[in-house]
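Chain by chain, the residues run as shown.
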Amino acid sequence: MASEPQRGSREAYDYAEVRNRSDQQSLRLRRVSSRVSNHNYPENDLRPTPAEENEEGDSGPPRELKTIPLPMALKRAVRQAQEMHVPVVSRRQAWRRRKSLHKLKEKARECLHFFTLWRKSLQKIGGNFGGGVESYFLFLRFLVVLNFVSSLLIAGFVLIPSIVFRSVGGSAVNGTGPDECTVYDPNPQGLDLFYNYFLNLLSGTGFMEYSYLFYGYYNNTTVEDRNFSYNIPLAYLFTAVFYFVFCLICIIARMGTAAQVAVATGGGAVGNYSVILFTNWDYGCQGDQATKLKQKNILYRLQVDLEEESRKKKTAALTLGQKLILYSLRVFMFLVSLGLIVAACYGIFKATNFSQIKSGVKGILGLVYEYLPSIVITIANFLVPLLGDQIARVERYSPSNTVIVALLRAVFLRLVSLAVLLFTLWRQITCEGNIESPNCKLCHYNYNDHPCWETRVGQEMYKLTLFDFLVNFALLFLAEFPRRMVVDNWSSKLAQWVGRQEFVVPANVLGLVYGQTVVWTGALFCPLLPLINTIKFILLFYFKKTTLFYNCRPALRTFRSTYSTVVFLVVLLFGWGLATVVMVYSLAQISPSRGCGPFRFFPSMWSIVPTSFYRLSETTQDFLFFIGSQSFSIPLFALSCVVMCYFVALASVYGKSVALLRAQLKLEGRDKQFLVKQIEELSRHQILKHTAGAYE
């Protein structure tokens, strides 16, 4: 009986071998038949002969065209190709070239990754404190690069040409106006005390006011030559506009990348444990430290998912009465937070008015009055978000939603506080919008209080930026380090209850968004503000890194970093929108100062665009008119709609495919669970039978 299975397997093997030989013979017959057909019809044989190909696939010497039976037109084409000496590239050579190009791209990416700013520091932060804290530092690095590139843009098109052409060229427009409006001399007369230089450095007045830092120092210079012309006012305007457009493009591109990562990783959905465990490990980790950091990072992600899922189950288990109580509590807390924001805005409004009234005071007291709006804004931005965090915890959101809600409330406070400050300045500059009032009738702006109102706005934004940096520096050395030393060296119950501080991501992200919004708002009036902000953010990175590792403990409430990155960029987009509104209104509505700046002889800043446009050649004017006409804009709009619809449909198809694949994965998992249960039952039956047979 044992020989029958062997005989059957041997017969099956012989049959398979015979079948394989017959298939090979039929394949050889087909090859021979194809060769015979090509020999009978050589005009169809476009392949080189074996003698014409070497081991590398290179073609051999060309054959004589006379010996080849081809049409005369084809022979002429071949002769022309041979005379052109067109190199023939084989498939193997093309593959090698593609492979070498791919290797070159990989090497370039590795080099760029090696020179990535703060790469090792970010890896260490993510391993010790999770992806949520790491997302803050990634956001900070993005803002550093954005401000650095923007400062290069402003320096290349505005600062350097203004320095070079300051003593060369003439005025763009020799306008006329009241003599009282054209007087502007901020330079102090006579000797000045040394401490006044320090006060001027902090407040942006004195020698700082009439420098390249602010709008008022730039001239309306135009350099014209036979082969070269440069218009400083036009370059100033277009650089500011392009700066805003460039920042918008960078934010949208970054947001698209973050959204792709959120969708690919499942975003806020729970249950991605298999994805985290089997696809998140980095096999390029070298050394025990890198391996431990990666393990901690995966641990934090699993902790976030488990906490999200437990919170979701608790919410689903609530009864109708409990849900009503919860929603009523959230509405009440929302009204409380809104009341805090309104109170803070009222305080900022009063402080700004009082500061403008006391603007003539000199000395230390005058510096305090100058910084009074910044101080009130900083206090409000410190206390209200702190109370908002406690309110968000009472509302019992999920950890990720708690972060997002607290962040949105705090951002709304900061943006509204900045808007209140700008509104107060607008009331003083434009005489509350009444140009026909006695103070604004002569110059169309309040010349008596603000002879160069653009520089005044730039000074306010400069003071806000500088004061924000000083506050972060003071908190590090006067609050965070002493707290850590007291907690570590004092064993009382109070010290243990207070403990080390947590790194609160919403509050820190809020500071970045607020600082960047201030820079965008003041970039038109203080061109070097992006450069100052670059230095500030670089120092802030090291300050925050130091306080994170030496003064902070890992957060007890973790949150997901995929959607938080998208939320950070959306909040930053709100700040960009506020700054854009301020810039557009300043360019189009408010009359520029007559005694300072590159637009001193224009009715508005935007007036230089049509003035420069009509100086162009007729061909250029016709081309630009065609771009702005309906014959160009309507087809462009239609094409944009078609392309947008195509990408929307493509995204919808991809989304459905992803949903089907996820459903299929769930079914596969259920099938595997069913098979595992069947195997367990069969194994139990086998064990029972085996034990029963042993007893028999």
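Scroll up a little and you will see the structure.
Calculation rules
Residues numbered from 1 in each chain as written. Predicted model: local features only at pLDDT ≥ 70, side-chain atom pairs only at ≥ 80, totals over all residues. Heavy atoms only, no water. Disulfide = S-S within 2.5 Å. Buried < 20%, exposed > 50% of the residue type's maximum accessible area, 1.4 Å probe, protein only. Axes fitted to C-alpha atoms, helices over the stretch in contact; angles between N-to-C directions. Helix = DSSP H or I, 4+ residues; strand = E, 2+ residues; numbered from the N terminus. Parallel < 35°, antiparallel > 145°, perpendicular 65-115°, else oblique. Left-handed = near helix turned anticlockwise from the far one by under 90°. Contact = heavy atoms within 4.5 Å. Nonpolar A, V, L, I, M, F, W, Y, C, P; charged D, E, K, R; others polar. Phe/Tyr/Trp six-rings, centres within 6.5 Å; stacked < 30°, edge-to-face > 60°. Lys NZ or Arg CZ within 6 Å of the ring centre and 35° of its normal. Salt bridge = Lys/Arg side-chain N within 4 Å of Asp/Glu carboxyl O.

J.: Just give me the short version of the state of the cysteines, but keep the residues and values in it.
T.: Going through the model one piece at a time under the given rule, you end up with two disulfides. Disulfide pairing places C431 opposite C440 at an S-S distance of 1.9 Å. Judged by the torsion about the S-S bond (85°), the C431/C440 disulfide is right-handed. Residue C250 stays outside any disulfide, its sulfur separated by 6.5 Å from that of C247, the closest cysteine. Exposure remark for C250: the relative accessible area of 18% places this residue in the buried category.

J.: Which residues make up the packing of helix α15 (residues 505-522) against helix α16 (residues 529-551), and what values do they have?
T.: Relative orientation of the contacting elements α15 and α16 amounts to 170°, with a least axis distance of 10 Å. By the angle between their axes, α15 is roughly antiparallel relative to α16. Seen from above, α15 lies across α16 with right-handed handedness. Taken together, the residues of α16 that come into contact with α15 (itself represented by N508, L512, G515, Q516, V518, V519 and G522) are L529, P530, N533, K536, F537, L540 and K544. A per-class count over the contact of α15 with α16 returns seven nonpolar, five polar and two charged.

J.: Talk me through the side chain of T547; I want residue IDs and the actual numbers.
T.: Among the structural elements, T547 can be located in helix α16. Accessibility expressed as a relative area gives 3% for T547, which makes it buried. Apart from the residues lying within four places of it in its own chain, the contact partners of T547 are L476, E480, Q501 and C552.

J.: Any details on the packing of helix α13 (residues 453-489) against α16? Residues and values, ideally.
T.: Packed helix pairs are characterised by how far apart their axes lie and by the angle those axes make with each other. Packing of α13 against α16 brings their axes to within 11 Å, and their N-to-C directions diverge by 10°. By the angle between their directions, the pair α13 and α16 is classed as roughly parallel. Here α13 and α16 pass one another in a crossing that is left-handed. On the side of α13, the interface is formed by M461, Y462, T465, D468, F469, N472, F473, L476, E480, F481 and R484, while α16 contributes L529, I532, N533, K536, L539, L540, F543, K544, T546, T547, Y550 and N551. When its residues are assigned to classes, the contact of α13 with α16 shows 12 nonpolar, six polar and five charged.

J.: Give me the packing of aromatic side chains: which residues, what numbers.
T.: Within the structure shown, the criterion is met by 28 aromatic pairs. For the ring pair F137 and F541, a centre distance of 5.4 Å and an interplane angle of 90° mean the geometry is edge-to-face. Note that F137 is positioned in helix α4 (residues 119-164) and F541 in helix α16, a separation of 404 residues in sequence. Of the two residues, F137 and F541, both sit in the buried class. For the ring pair Y215 and Y236, a centre distance of 5.9 Å and an interplane angle of 80° mean the geometry is edge-to-face. Of this pair, Y215 sits in the loop between α5 (194-203) and β2 (221-224) while Y236 sits in helix α6 (residues 232-264); the two residues are 21 residues apart in sequence, bridging distant segments of the chain. Using a relative accessible area of 0% as the deciding quantity, one classes Y215 as buried. Members of the aromatic cluster, joined through ring pairs, are Y210, Y212, Y215, Y217, Y218, Y236 and F599. Of note, K124 hangs over the ring of F549, and the distance from its end group to the ring centre comes to 5.1 Å. In this structure, R414 is placed above the aromatic ring of Y514, and the distance from its NZ or CZ to the ring centre is 4.9 Å.

J.: If you had to explain the pattern of salt bridges to someone new, which residues and values would you point to?
T.: This structure, assessed with the given rule, holds three salt bridges. In this structure, the salt-bridge partner of E460 is K463, at a minimum N-O distance of 3.3 Å. In this pair, E460 and K463 are both assigned in helix α13, three residues apart and thus about one turn of the helix distant. Like E460, the residue K463 is buried in the burial classification. Here K536 ties to D468 by a salt bridge, and the two come within 2.7 Å at their closest N and O atoms. Of this pair, K536 sits in helix α16 while D468 sits in helix α13, and the two are 68 residues apart along the sequence.

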